[in-house]
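One letter stands for each residue in the lines below.
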Amino acid sequence: MTEVKENWGSRVGLILAMAGNAVGLGNFLRFPIKAVQNGGGEFIIPYLVCFLLMGLPLLFVEWGMGRYGGKFGDHSTPFILDNMTKRKFWKYFGVFGIFTNFGVIAYYTYIESWTLAYVWESIKGTFIGMDINNVSHYFDQYVDINDGVINLPWKALGFFVVTLAINIWILSKGLSGGVEKAAKIAMPLLLIFGAFLAFKGLSMGNTGACADCDATMAFNFLWEPNFNGLWNFKTWLEAAGQVFFTLSVGMGTIQCYASYIKYRDDIALNAMSAGWMNEFVEIVLGASVVIPIAVGYLGMEWVQNNAGFMMAFKTMPYLFDQWGAVSNVIFGVFWFGLLFFAGVTSSLAMGTPWMGFMEHEFEWGRKKSAIVFGIIVFILALPTILFFQQGVFDEYDYWTGTVSLVVFALAEVILFGWIFGIDKAWKEITHGADIRVPIIFKFFIKWVTPIFIMLVFIGALIKPKNDDWGIAWNSLTSGNGWIFDKGSILHQLFRFGEKTIWFENGHPTGTFFIDMSRLLLVLTFAGIAYLVHIASKRRENKIPIEHND
Amino acid sequence: METSALIMMITVQGTVTLLTGYFFYKVLKTPPKPKPDSFSENDDYPIRKPLED
């Protein structure tokens, strides 16, 4: 819209920033845990298929859309989408590309701040000599609202403010001066720390700490080929969800980064390089750290029964302590430092769609955009910190970190492949390409990827109780109706068979906090949509666009 | 470690590592595109253009 102020300093910087956007906490925590929860070797084949049929095509779509938008001076999804079609409502679909980032970063920065706090505590030697119960209790206390002087988790709040300030400061330095520089420092450090920990996981073997405390068993479980997963719908849904989460597709960040690429420059090789770098961190490094080390000291059975996202904080300091006090400090700094770097490179990417939108639509400066971004994130994040135990954190994650991604990805792939047109779309992807993109991806983008995402969306919409599709189907065909899981989108929205009670004995219930957090998210979406509306009016006044419809 | 698990792990991790290395190497070795030498080829215009039909 206005003069292009931002640019990438170098191609390597762009790749590292884009890979940093994708490489996040999900690579080291979510992937191995999803693999364990879905039968290890059963999960890996559907995961790889989803990456090839859905992940890579979506990367091409988002890079292509981004560079196309940048050609016209658009740096955020509302107007990138608007520029690809004559229908005006598409720009409001593009609101997802800013909104999702606000919702995700609000809780993501909070997790990031835990990793920073744990680096600090590791250096201080807090975890030396602690048993597993004490390590677990330490985390519960850290996030407990009733633990502070005046019932506020001051330490958690303090580290959150510092983490947010770091993000705002880097964002205010711009793309090449801030985000790119941070990626050039964080990504190599992340790879070194990750390689070091992965080597430790690979070389652990049998520790003798318990009967099944053998890291080799973890690798057997994760990699033993098992084709049963190919016939399990749930495994496919979980694998597709992980591909979404890990590649940061459906968020609007890739489009924003790609919009600063010159139109003559390649996107195909860039997309492949950043995408595969993310897979390297996930499949090679991520799979070799948390699960094998945990199995090495806690046993296979314990890990299968307790695998969860919080393992990183509730067990790892104890595991590092098994290698001695010095190792506790060194590996603690490596592990939580690695998670911090992975988190920062992703959260910075979440800030750029807003920065791009405000800088280019409202002529705001970088500092102003970054500070206002920080204020909004702080307001949105406060409920996740203060009411963490009431489930506000999980609520944000569900609607913005899961549902919104799928909805937006489905919309953008339909827009790109069908409305913009697959032939034009293919030209966009291959224009200036430094590699020959296999023509099969044209077919994937038009047919396979949208169908895949649609199945994922329907699967999430009507997810049956306990993920048992057979029982739910039998119940439906025998006239007893579909049995929804509490985690299905429809149940979340309509709470079938449950009463909504906000207050009990004068005290707010968990439902009250959940509904208030939903209201906050709806207001955020509406606020961004209103800004898009104003920006649209400003554009019409400045540069009349002649559509032939 | 079980042979089948070992083969699967080496195959998948090896392929991913090779592809990552190959694409990153190609990024490093591909020379930057020359700047356009005519106004019509210059894509650095900052204004929005009307949609083509």
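These numbers were taken from a predicted model, which means no experiment stands behind them. (Residues numbered from 1 in each chain as written. Chains lettered and ligands numbered in written order. Predicted model: local features only at pLDDT ≥ 70, side-chain atom pairs only at ≥ 80, totals over all residues. Heavy atoms only, no water.)

What follows is about the overall build of chain B. The helix and strand tally for chain B stands at one helix and zero strands. Counting all 53 residues of chain B, 25% fall into the buried class. (Helix = DSSP H or I, 4+ residues; strand = E, 2+ residues; numbered from the N terminus. Buried < 20%, exposed > 50% of the residue type's maximum accessible area, 1.4 Å probe, protein only.)

Before going further, it helps to spend a moment on the overall build of chain A. Counting secondary structure elements, chain A contains 25 helices and two strands. Against the compact-globule benchmark of 24 Å for 549 residues, chain A has a radius of gyration of 23 Å, which places it among compact chains. Here the C-alpha coordinates of chain A stretch approximately 75 × 60 × 60 Å along the principal axes. When contacts within chain A are restricted to residue pairs at least 6 apart in sequence, those whose partners lie at least 24 apart make up 80%. Surface summary for chain A: the accessible area is close to 20100 Å², and the carbon and sulfur share equals 64%. The positive charge centre, built from 38 side chains, and the negative charge centre, built from 42, are 9 Å apart in chain A. (Rg over C-alpha atoms; globule rule 2.2 N^0.38 Å. Contact = heavy atoms within 4.5 Å. Areas by Shrake-Rupley, 256 points an atom, 1.4 Å probe, with all protein chains shown as cover. Lys, Arg positive; Asp, Glu negative; His and termini not counted. Charge placed at Lys NZ, Arg CZ, Asp CG, Glu CD.)

Any two packed helices are characterised by the angle at which their axes cross and by the distance between the axes. Residues and elements named next belong to chain A. At a closest axis distance of 8 Å, the pairing of helix 1 (residues 11–22) and helix 9 (residues 175–202) adopts a crossing angle of 75 degrees. Here helix 9 runs roughly perpendicular to helix 1, going by the angle between their axes. Residues Gly13, Leu14, Leu16, Ala17, Ala19 and Gly20 of helix 1 form the contact with helix 9, whose participating residues are Val179, Glu180, Ala183, Lys184 and Met187. Across the contact of helix 1 with helix 9, the residue classes tally to seven nonpolar, two polar and two charged. (Axes fitted to C-alpha atoms, helices over the stretch in contact; angles between N-to-C directions. Parallel < 35°, antiparallel > 145°, perpendicular 65-115°, else oblique. Nonpolar A, V, L, I, M, F, W, Y, C, P; charged D, E, K, R; others polar.)

Attention shifts here to empty space enclosed by the protein. Residue and element names in this part refer to chain A. Evaluation of the coordinates by the stated rule reveals five cavities of 30 Å³ or more. The computed volume of the largest cavity comes to approximately 180 Å³. Around the largest cavity, the lining is made up of 19 residues, and of these Tyr108, Phe245, Ser248, Met251 and Met350 lie nearest the centre. Of all elements in the fold, only helix 1, helix 2 (25–37), helix 6 (96–124), helix 11 (233–247), helix 18 (325–361) and helix 20 (392–419) reach the threshold of two or more residues within the lining of the largest cavity. A class-by-class count of the residues in the lining of the largest cavity yields 10 nonpolar, nine polar and no charged. Taken as a whole, the second largest cavity spans an internal volume of roughly 80 Å³. (1 Å grid on protein atoms, 1.4 Å probe; cavity = no way out; pocket = protein on both sides within 12 Å on 5 of 7 lines; lining within 4 Å. Points joined across faces, edges and corners; volume = space filled by probe spheres on them.)

All names here are of chain A. Overall, the coordinates contain 17 salt bridges over all chains when judged by the stated rule. Here arginine 518 and glutamate 395 are joined by a salt bridge, their closest N and O atoms 2.6 Å apart. With a gap of 123 residues between them, arginine 518 in helix 25 (residues 510–542) and glutamate 395 in helix 20 connect regions that are remote in the sequence. Glutamate 395 matches arginine 518 in its accessibility class, with the two residues each being buried. (Salt bridge = Lys/Arg side-chain N within 4 Å of Asp/Glu carboxyl O.)

Turning to a nonpolar patch on the surface, a few remarks are in order. All names here are of chain A. A contiguous nonpolar surface patch, about 760 Å² in accessible area, is contributed by Phe233, Trp418, Ile419, Ile440, Phe443, Trp447, Ile451 and Leu455. Secondary structure elements with two or more residues in the nonpolar patch: helix 20 and helix 22 (440–461). At five residues, the largest contribution of residues to the nonpolar patch is made by helix 22. With respect to the element layout, isoleucine 451 can be found in helix 22. (Patch = residues over 30% accessible without salt bridge, like charges linked within 9 Å, V, L, I, M, F, W, Y side chains within 5 Å.)

Another aspect to go through is the confidence of the model for chain A. With 96% of its residues at a pLDDT of at least 70, chain A reaches an overall mean of 91. Within chain A, helix 11 of chain A has the poorest average pLDDT of any element, 87, and helix 21 (residues 422–430) of chain A the best, 97. (pLDDT = per-residue confidence, 0-100.)

Attention shifts here to the side chain of aspartate 321 of chain A. Residue and element names in this part refer to chain A. Mapped onto the elements, aspartate 321 comes out in helix 17 (residues 316–321). Lysine 200 provides the closest opposite charge to the buried, salt-bridge-free aspartate 321, at an N-O distance of 13 Å. Engagement of the side chain of aspartate 321 in a polar contact is seen with the backbone nitrogen of glycine 129, the distance being 2.9 Å. If we skip the residues at most four places from it in the chain, aspartate 321 touches Phe127, Ile128, Gly129, Met130 and Asn328. (Polar contact = N/O pair within 3.5 Å; in protein donor to acceptor, adjacent residues only side chain to side chain.)

This brings us to the packing of aromatic side chains. All names here are of chain A. Applying the stated criterion across every chain yields a total of 64 aromatic pairs over all chains. Their ring planes at 70 degrees and their centres at 5.2 Å tell us that tyrosine 110 and tryptophan 114 sit as a pair that is edge-to-face. Of this pair, tyrosine 110 and tryptophan 114 both sit in helix 6, four residues apart, which is roughly one turn of that helix. Between tryptophan 502 and phenylalanine 512 the ring centres are 5.7 Å apart and the planes differ by 80 degrees, which places this aromatic pair in the edge-to-face class. Here tryptophan 502 is found in the loop between helix 24 (489–494) and strand 1 (503–504), whereas its partner phenylalanine 512 is found in helix 25, with 10 residues between them in sequence. Of the residues examined, tryptophan 502 reaches a relative accessible area of 36% and is grouped as partly exposed. A relative accessible area of 18% means that phenylalanine 512 is categorised as buried. Over the aromatic face of tyrosine 263 sits the side chain of arginine 67, whose NZ or CZ is 5.0 Å from the ring centroid. (Phe/Tyr/Trp six-rings, centres within 6.5 Å; stacked < 30°, edge-to-face > 60°. Lys NZ or Arg CZ within 6 Å of the ring centre and 35° of its normal.)

Residues and elements named next belong to chain A. If you add up the space inside the largest pocket, you get close to 1100 Å³. What lines the largest pocket is a set of 37 residues, and nearest its centre among them are Arg30, Lys34, Glu238, Asp397 and Thr402. Those elements that place two or more of their residues in the lining of the largest pocket are helix 2, helix 6, helix 11, helix 20, helix 22 and helix 24. For the lining of the largest pocket, the element with the highest residue contribution is helix 20, accounting for 10 residues. In terms of residue class, the lining of the largest pocket is built from 19 nonpolar, eight polar and 10 charged.

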